[in-house]
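# Fold and contact review
Spelled out, the chains give:
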Amino acid sequence: MSLLEITGLTQRFGGLQALSNFSFRMEERELVGLIGPNGAGKTTVFNIVSGFYKATEGTIVFDGRRINGLKPHRVTAMGMARTFQNIRLWNDLTVLDNIRLARYAWLGYGFWSAVLRTKRYRQAEKAVETKACDVLEMMELAEYAGEFPKNLPYGLQRRVELARALAGNPRLLLLDEPAAGLNSADVEGLIRHIRWIYDEFKISIWMIEHQMKVVMSLCQRLAVIDFGCTIAEGTPEEIRRNPEVIRAYLGDGAL
Ligand SMILES: Nc1ncnc2c1ncn2[C@@H]1O[C@H](COP(=O)(O)OP(=O)(O)OP(=O)(O)O)[C@@H](O)[C@H]1O
Ligand SMILES: [Mg+2]
């Protein structure tokens, strides 16, 4: 049984067809990429898979269960976490609280039980505290625990977002352009962190990314979409040489 099986996904926004019959299968412990030009439909795929959009057509099976139409928090509870193309952190909470809150959400505690500190919540508190500190430590963020994300450099904000996604113990991590806006030193750090997460947590990772260096050095397999349709699938090397991909996306400079 595959970890994730997407079949015939179609998404229309009014008159715009953002995805046409997109299918993709991912096995446990894979680290794979989704690439393609701007507006190709990549984020739409992630938005549907993680429960933010409801597909016009198609099915998504995660861990043997059909997840079409499930709300994002239900999908998260099943073991899928994601990051966003435009960072979405709680800017008025500290880095540590961002991680804590994500952990509580995953444990099924609502925002209000966190605010009102219910009994059940208080019992979970210590375990959450330990786990949140572990995640920060592992992501080399411990020294920023008390900072507010908006005051941190962009590269660190990206890393906090990654840490927050990990706080929910995912089996599948979806990363939407993790390298967007990073300088080259930060990109090196990001590659190192993703590789480390993959090895350490023994999870599966699916990433959207425009920076070919990141995709080519991390991914075992890539799918390429253009105008909502898959135009190629293969190893990074196969994709790099694929004439259709070069024409639609990479350009002659990639050769
Ligand atoms: N909620 C929405 N309502 C209307 N149109 C949308 C919506 N979300 C996405 N689209 C459109 O669907 C198409 C695919 O968008 P999507 O964000 O999936 O592209 P992408 O491949 O992630 O591009 P990029 O590389 O620029 O992030 C675009 O034409 C976009 O404008
Ligand atoms: Mg996108």
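Quick note: structure is the one above.
Along each chain, the written sequence defines residue order, and numbers are assigned to residues from 1. Whichever chain is written first becomes A and whichever ligand is written first becomes 1, with later ones labelled in order. Local features in this predicted model are restricted to residues whose pLDDT is 70 or higher, and side-chain atom pairs enter the listing and the counts only when it is 80 or higher, whereas totals over whole chains, interfaces and linings include all residues. As a convention, hydrogens and water are excluded, and side-chain values are obtained from all of the structure's heavy atoms.

### Here we look at the overall build of the protein
Our working rule: Each helix corresponds to a stretch of at least 4 residues labelled H or I by DSSP, and each strand to a stretch of at least 2 residues labelled E; elements are numbered beginning at the N terminus. Taken over C-alpha atoms, the radius of gyration is set against a globule rule of 2.2 Å times the number of residues to the power 0.38. Only protein chains enter the accessibility calculation, which uses a 1.4 Å probe; a residue is then buried when its area is under 20% of its type maximum, exposed when over 50%, and partly exposed in between. Note on definitions: a residue-residue contact is assigned when non-hydrogen atoms from the two residues lie within 4.5 Å. With residues, only the protein chains shown are counted as cover, and all accessible areas are computed by Shrake-Rupley using a 1.4 Å probe. Only four residue types enter the tally: Lys and Arg on the positive side, Asp and Glu on the negative side, with His and both chain ends excluded. Charge coordinates come from a single atom per side chain, which is NZ of Lys, CZ of Arg, CG of Asp or CD of Glu.
Looking only at helices and strands, the protein has 10 helices and 10 strands in total. Relative to its length of 255 residues, the protein is compact, with a C-alpha radius of gyration of 19 Å against a globular reference of 18 Å. The principal-axis extents of the C-alpha atoms in the protein amount to approximately 60 × 40 × 35 Å. Per-residue burial over the protein gives 51% buried out of 255 residues. Across the protein, the fraction of contacts at a sequence separation of at least 24, relative to all contacts at a separation of at least 6, is 66%. Carbon together with sulfur atoms contributes 51% to the accessible area of the protein, which is approximately 12000 Å² in total. Side chains of the protein give 32 positive and 29 negative charges; the mean places of these two sets differ by 7 Å.

### As for the pairing of strand S7 (residues 172-176)
Put simply, the test is: Whether two strands pair depends on DSSP finding at least two bridges between them. With the strands pointing away from the viewer, any crossover whose connection runs clockwise from the first strand over the helix to the second is right-handed.
Burial of S7 is extensive: 5 of the 5 residues sit out of reach of the surface. Of the two faces of S7, both are covered, the one formed by Leu-172, Leu-174 and Asp-176 as well as the one formed by Leu-173 and Leu-175. Judged from the 3 bridges that link them, strand S6 (residues 80-82) and S7 form a sheet pairing that is parallel. Directly across from Arg-82, in S7, lies its bridge partner Leu-174. Pairing analysis gives 5 bridges linking S7 to strand S8 (residues 204-208), with the strands arranged parallel. Across the sheet, residue Leu-173 finds its bridge partner in S8, namely Ile-205. Taking the sense of rotation as the criterion, the β-α-β connection linking S7, helix H7 (residues 184-201) and S8 turns out right-handed.

### Some points on the coordination of the magnesium ion (ligand 2)
Selection criterion: Each metal site lists N, O and S donors within 2.8 Å (3.2 Å for Na, K and Ca). With water left out of the atoms, a site can look as if it is missing ligands.
The coordination sphere of the magnesium ion (ligand 2) contains the protein donors Thr-43 (OG1) and Gln-85 (OE1), at a distance range of 2.0 to 2.2 Å. Of the two residues, Thr-43 sits in helix H1 (residues 42-49) while Gln-85 sits in the loop between S6 and helix H3 (95-107), which places them 42 residues apart along the sequence. Relative accessible area serves as the criterion here: at 22%, Thr-43 is assigned to the partly exposed category. We classify Gln-85 as partly exposed; its relative accessible area is 30%.

### Brief notes about the sheet that holds strand S3 (residues 31-35)
To be explicit about the condition: Axis lines are fitted through C-alpha atoms, for helices just across the contact stretch, and the angle between N-to-C directions can take any value from 0 to 180 degrees.
Reading across the sheet, the 6 strands line up as S6-S7-S8-S3-S9-S10 and stay open at both edges, with mixed pairing between neighbours. Since the sheet does not close on itself, it has two edges, and those belong to S6 and strand S10 (229-234), each with one partner. Between one strand and the next, the sheet's axes are offset by a mean angle of 15 degrees, whatever the strand orientation. Running at roughly 140 degrees to S8, H1 makes contact with S3, S6, S7, S8 and strand S9 (221-226) of the sheet.

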